[in-house]
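Summary of structural features
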Amino acid sequence: MTREGRRRASGDEVLAWLEETWSRTEAALILAGGDHGGPLADRPVLGELFDPDGLARLRALTTAGEFAGDICRCHGSLTVALLDAECEFTGAGSLHGGTDLAWERGRFRNNLVVADPEGLRAFLSRYGAHWL
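1. Overview of helix 4 (residues 117-126)
- Turning to helix 4, its buried residues are Pro-117, Gly-119, Leu-120, Phe-123 and Leu-124. Angular distribution of buried residues about the axis of helix 4 spans 160 degrees; they occupy a single face of the element. Along helix 4, the residues that are exposed and aim more than 90 degrees away from the buried face are Glu-118 and Arg-126.
- Just past helix 4, the residue Gly-128 takes up positive phi, approximately 105 degrees.

Written out as structure tokens, the structure is:
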């Protein structure tokens, strides 16, 4: 349990959710703002990914690593939003400190410390996250 009384998901639970969510993903958006940036549909779009190779690379960069067992206290800087074939949002993760992704922060409360933070930052900069 967390201080707020909500259960923290295990890394295995988050990975199972990521596997299911990525299996339905047809596109991804890089959006301005982190966890408290407002509704996903209302945020500025920094970049879009539709090609299978780009999506596969993004998936690898945003799902490999170790879970921290905690969440960062900042709100994050940008959001990776996943969309299905109907262009519906299926999941989102906010970038924290350039090294962590908080997938569905309020739901899971367990940041992923990505295995290749430099690669992730370089990849995201190619898709509009030039502030990195």
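2. Some thoughts on unusual backbone geometry
- Within the chain, Glu-104 stands out as a residue other than glycine whose phi angle is a positive 45 degrees.
- On the basis of relative accessible area, Glu-104 is assigned to the partly exposed category, the value being 25%.
- Despite not being glycine, Arg-109 has its phi angle at roughly 55 degrees, a positive value.
- Structurally, the position occupied by Arg-109 is in the loop between helix 3 (105-108) and strand 7 (112-114).

Parameters and conventions
Residues numbered from 1 in each chain as written. Predicted model: local features only at pLDDT ≥ 70, side-chain atom pairs only at ≥ 80, totals over all residues. Heavy atoms only, no water. Buried < 20%, exposed > 50% of the residue type's maximum accessible area, 1.4 Å probe, protein only. Helix = DSSP H or I, 4+ residues; strand = E, 2+ residues; numbered from the N terminus. Arc of directions from axis to C-beta.

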